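# A look at the structure
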Amino acid sequence: MAESNVKKLATTLIDAVTDKDPLVQEQLCNSLCYLGESKAEETLDACDEYLRQHEKLAYPYRVIILKAMEAIVKNNIDELDRCTAKIVIILASNEMTKSKELILDWQQAASNVLVAVGKRFINKVMEEVLTKFQPGILPHYFVMQTFANLSITNVFGMVPFLNSILTTMLPMLTLARQDQMKSVFCYALQHFSDSILEYLANLDQAPDPTVRKDTFSTEIFSAYDVLFNHWLQSREAKLRLAVVEALGPMSHLLPSEKLEEQLPRLIPGIIALYKKHAETFYVSKSLGQILEASVNMGSRTLEVQVDMLLAALHPQICAPVDSLNPLVIKNHNEVLRCFTILACSFPDRLLAFLLPKLENSNERIRVGTLHIMRQVINSASAQMEIKKPFILSSMKFPLLDSNNRVKRAVVQVISAMAHHGYLEQPGGEMMIEYILRQCALPPEPVPKKQFPETEDFLASDSVRTISINTLYLISTTVDRMNDVLWPYLLEFLIPVQFTNALTPLCKSLMHLAMKRQEEGENSFLIQYDSNVNLPSPFALTTRLLIVSSHPYLGEGRGAASLRLLNVLHLNIHPLLGQRWKKTIPPLVNYLEEHNEEILSQKEWEEKLLMFLRDTLMVVSDNTWICQLSLEMCKQLNCYNGTPLEKNFLYKCIGTTLGATSNKEIVRKHLQELLETARYQEEAEREGLACGFGICAISHLDDTLIKLEDFVKSDVFRKSVGIFNIFKDRSDTEVDKVKSTLILCYGQVAMHAPQELVLARIESDILRNVFQYFNTKVLGIKVETKDLTLKLCLIRSICMISQAICKSVQSSPFVFSQKAELVAQMMEFIRAEPMDFLKTAIRKRAMITCTYLSTLEPPLEETDRAELIHSCLHSVLALPSDVGITSSCQQTLYFDTMTALMDLLTSLLLRNLTPQGLQNMFEHLTPWIKSPKGHERERALGLSAYLLRYFLEHLNVIAIVPFHNLGLLVGIFSPRCADSLPSLRHDALDCVYSLLYIQLFYEGFAQDYQDEVAEKLLSLKDSLSDPDVTVLFHTCYSIAQIIGKRLPPDQFISLLLTAFEGLKDPDMNCARAATVIINCLLKERGAVLLEKVPEILGLIHSKLCEVKDEHVAKAIQQSVYLLASQHRAAVVASLLASPLPFDSHTCSLWRALATEPALTSQVLELLLDKMNKDVPFTENKSFLLSSSYDRVATVIPLAATCALYEIMSAPESGAAVLGLYPELFVTLLLRVSCTVGVQLPRNLQAKERKGASPRLAPRNLEPCSF
């Protein structure tokens, strides 16, 4: 791009800066900077030219241009040529001083440009700016500020100018009258001093290494005199702070004798400002610099002022620290720096002041003092070396403090002590224990706050977190602590009070152990003889294994414990190293792949028990195993507060006892377990029973003997004795003991070797179980009301049944007590309340019955039916909400339903035949048709499940008829229109399964897919349509599919069942039944000739029962559909109806008038009956009479009545007109044949009997028609 174009573009951009939108202005500034990146000189020239040509441009817009120039200069300072730099300097200088009044934004922007250029072209900048700095004339405010900023940005370039600047500036100090001017002089002196000090500190790099402090001392002292003696006394707070900021660095440049002379006034003067200013950072910073200067020159005067300094500085540390205020944080750090300076020079005086304050009752004083102690320990380590015992002993009071802020401060002090060798001294172990006690604090949920945490609020979680971090820090990064912490930290693994600290403790120990391993085996092996307080290998193994059972507690202590166990293998047993390297890492990986929500506790515990069994097998040392079991028993009481872990410990004890061959030890420990167990705790009862069961794997006889011996022992007899029952234990506690023993027998049966358990089931196990359950008082059996005892009995029988199931696979077994146990379970089920679901008795009892049902001998048919009936009633009849108010109750309900399903499928599997299926649905059908929606829903869900199960497990060996298909389809098909939409899909699934069952019975393969039956699935969405028209149209489609797949021999069965559905309490289902009936009659009615009388009789009876008008009309339509295929049979059957026709028969005749063609055919049949049959017979009125009475014959009379009903229907008009001549002639002849004709005697009696004053009967005289 040509130069003119760059300038043109830059000028265009600059022209636009007058836009009033701040965003546009910012974009323009950025664009200028971007342009300046590639063409810096041209862009700067354009800016210079524009500002010179537009003198009247308002200063806010000039500021934008100057800021852009500053950015361009900063980014391109190394490429900037001298000519352009000169132009920029002159422009910036003029812009800065153009206005005598202070316009901060504008003049600051110009000053910043000069400072940016001065970083490389310091001489040219000074040449220009010094022209505006003339002796005897107060300079422009920003001239001084520019000097000050240049002295910081370009130290080596600026310091050579400072002597002359100071010489010129000093007389001006007395001329300054305005505070603003005084402040900028202070600002300049502060930065000049800082610049000189930096120059002197880096003389080896300076252009003039001959420069000395003395060069500036005289001028600096003269300035100090004005600032301290005159300006510091100002009432203006800002000016005082500016003076204080300057005095700090200036004190380093004062002549030593002058500083010594001024200290008695200077230090009190500075300290006095603490009371005058809320923001004390600048005071503390300056005081620190003055103290540092005093110590550097070896001041003797300072010692006199130490007490005053300590008294002034200590409250600054004790004041609350607002973490949101940076100046408060900075002040805190500066005050601590002051203490560091004093500690290095006056350690005794400092400790004499601080240590008594650790005993002060005021929390802030203690916390502040501890902060100072930490600072002193860290920064004055050499001076404090001989004071270590004294400092350690002084910490005993803070260690007892329960305040969280004090605790955190103590932890920080201990951390500092660890880095500087304090904890290696006598008493250091007390500090380590303190850290671990804080690590063991219980995590507390901190409430949500609107504001961040301040020093005034500190949760114990914060103390715990900082303690954990400290422990890990000193054990991993402070090498000198290795000998202190190892193996001392092992002592804290076992005590229960340190349980919450286990995760950080294990991590620290693992790191220390790995370091020791690197040093060699001798360094790593623990000398237990010389460390009597250390836990034994058996205690370590037990503890680390048990706490791993709930691995995600305590920030994941399971993985940490297992890793530590792996590292300690050599100290546990010499044979375990290689084995644990293979078995522990997969356990840790398993934990890392899962989390607390998805981990199966049962699976995890089984993995740990397998690990324990494997460990015991590798060791194969009976003495070692016995010692481990002894240690496990000793630790039982440690877990009284954590029942779930104690539960797992019982399982570990059982596993360990199972691995030992010492029978005496086994019996001894089993006895101790029974005598010391806390039977009131559910988890403990469960754990004890599991432990006995696991032990029985290897010691079945000893386990059974110990259980029986315990019952005979004094301990147990005192528990259950009738006279001691109120002395030793309550009824409830006795029941808990019995519950545990019953559960123990169940677990023993479950775990015992299959080849041994069958012989013990009835003779030993069940006998004792029932002995404990059936309590007798004075010889009378008393039914227990204890829920736990019932549940334990049920579970025990369930486990015994499972054990038998497993064992009978290898040897046959006839369980003689099966019926008795099933009866007991049914008794429990029936005793449960029907208004809510509160306990697991239903579920457990049904699970037990499921296992029992698989055993031999099979149940009697009546027992089986009673079992199904009782279980269905116990679950399906529960109220719709079943008292569910929590997720646990929701889970219980679903588990109970699952148990019911499993039981029914188990019973069905015993008789997987059409008859078995029908027997099952005989019990379910009343629930399927229940008027209560929730009962229907449960029953249909259960039905769908059972039919799917039947279908999946069906194994057809020979082609046999599915003789009850029609019956079952007739039950479920109307439910596809249930008033509860959620039930319709289940009903359709039932029909779908039934059709496939039929196909399999016909010989089709299990994987066969029927095109017709599969269409059912496509209808599911339509069943959910809210439009009833769509719903019933879908039901018609379902009926069509059923009609295509239904065998002929099942057709009448389906129709009869569907007719039964007409009186369903759910009107939707009743109407759906009519849709299905009419569809089937239309599609398959041709085969029903022989069944016409039966069907018409059924239709007539249902019309008598049905009250819904829609259903009644649909039934009448059924007659029409039947007549359209079997009109003669229908007419004959209807004519056989009793005379006089009742209203329902009349309605059936009228139904035949709906379609003209059929109506004509029916009329012809009736005319034929009237014309061919004799209209009357002649009989003597009585035996001796010579005259004869004419009595009407029934068929012509019935036909005449039928004609009347049909012709009374308006729809018959067309057919009547078509047959008018025949009808007229026949009816005329009929009239002529009825003159003087009597009704048959039975009809005469009916006429008289049915007479009513309110409603005259229809006259059967033909002429009346």
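Parameters at a glance
Residues numbered from 1 in each chain as written. Predicted model: local features only at pLDDT ≥ 70, side-chain atom pairs only at ≥ 80, totals over all residues. Heavy atoms only, no water. Helix = DSSP H or I, 4+ residues; strand = E, 2+ residues; numbered from the N terminus. Rg over C-alpha atoms; globule rule 2.2 N^0.38 Å. Buried < 20%, exposed > 50% of the residue type's maximum accessible area, 1.4 Å probe, protein only. Contact = heavy atoms within 4.5 Å. Areas by Shrake-Rupley, 256 points an atom, 1.4 Å probe, with all protein chains shown as cover. Salt bridge = Lys/Arg side-chain N within 4 Å of Asp/Glu carboxyl O. Axes fitted to C-alpha atoms, helices over the stretch in contact; angles between N-to-C directions. Left-handed = near helix turned anticlockwise from the far one by under 90°. Nonpolar A, V, L, I, M, F, W, Y, C, P; charged D, E, K, R; others polar. Polar contact = N/O pair within 3.5 Å; in protein donor to acceptor, adjacent residues only side chain to side chain. 1 Å grid on protein atoms, 1.4 Å probe; cavity = no way out; pocket = protein on both sides within 12 Å on 5 of 7 lines; lining within 4 Å. Points joined across faces, edges and corners; volume = space filled by probe spheres on them.

### Remarks on the overall build of the protein
Scanning the protein from terminus to terminus reveals 63 helices and 5 strands. Its C-alpha atoms give the protein a radius of gyration of 53 Å, clearly above 33 Å, the size a compact globule of 1265 residues would have. Oriented by its inertia axes, the alpha-carbon framework of the protein measures out at about 175 × 100 × 60 Å. Within the protein, the fraction of its 1265 residues that count as buried is 54%. Taking all contacts inside the protein whose residues are at least 6 apart in sequence as the whole, residues at least 24 apart take part in 76%. Carbon and sulfur atoms make up 54% of the accessible area of the protein, which amounts to about 56,100 Å² in all.

### Brief notes about the pattern of salt bridges
Opposite charge on two side chains permits pairing when their charged atoms draw close. Tallying each qualifying case throughout the model produces 50 salt bridges. Ionic pairing is found between arginine 516 and aspartate 483, a salt bridge with its closest N-O pair at 2.6 Å. Of this pair, arginine 516 sits in helix H26 (residues 502-519) while aspartate 483 sits in helix H25 (residues 482-485); the two residues are 33 residues apart in sequence, bridging distant segments of the chain. Looking at arginine 516, the relative accessible area reads 11%, which means it is buried. Accessibility expressed as a relative area gives 60% for aspartate 483, which makes it exposed. Among the ionic pairs, lysine 1063 bridges to glutamate 1060, the shortest N-O distance being 3.6 Å. By relative accessible area, lysine 1063 is classed as partly exposed at 48%. In this structure glutamate 1060 comes out as partly exposed when scored by relative accessible area, which is 33%. The structure contains a network of salt bridges with shared partners spanning Asp701, Glu708, Arg760, Asp764 and Arg767.

### Regarding the packing of helix H9 (residues 155-175) against helix H10 (residues 179-201)
Where H9 meets H10, the axes come as close as 10 Å, and the angle between the chain directions of the two elements is 145°. Between H9 and H10 lies a crossing of left-handed hand. Across the interface between the two elements, Val155, Phe156, Val159, Leu162, Ile165, Leu166, Met169, Met172 and Leu173 from H9 touch Phe185, Leu189, Phe192, Ser195, Ile196, Glu198 and Tyr199 from H10. Partitioned by chemical class, the residues of the contact of H9 with H10 number 14 nonpolar, 1 polar and 1 charged.

### Some thoughts on the side chain of glutamine 25
Along the chain, glutamine 25 falls in helix H2 (residues 22-38). One polar contact links the side chain of glutamine 25 to the main-chain carbonyl oxygen of aspartate 19, over a distance of 2.6 Å. Setting aside residues no more than four positions away along its own chain, glutamine 25 makes contact with Val17, Asp19, Lys20, Tyr61 and Ile64.

### Re empty space enclosed by the protein
Within this structure, the stated rule accounts for 4 cavities of 30 Å³ or more. Lining the largest cavity are 12 residues, and of these Ile317, Ala319, Val321, His371 and Arg405 sit closest to its centre. Elements that contribute at least two residues to the lining of the largest cavity include exactly helix H15 (306-318) and helix H18 (363-379).

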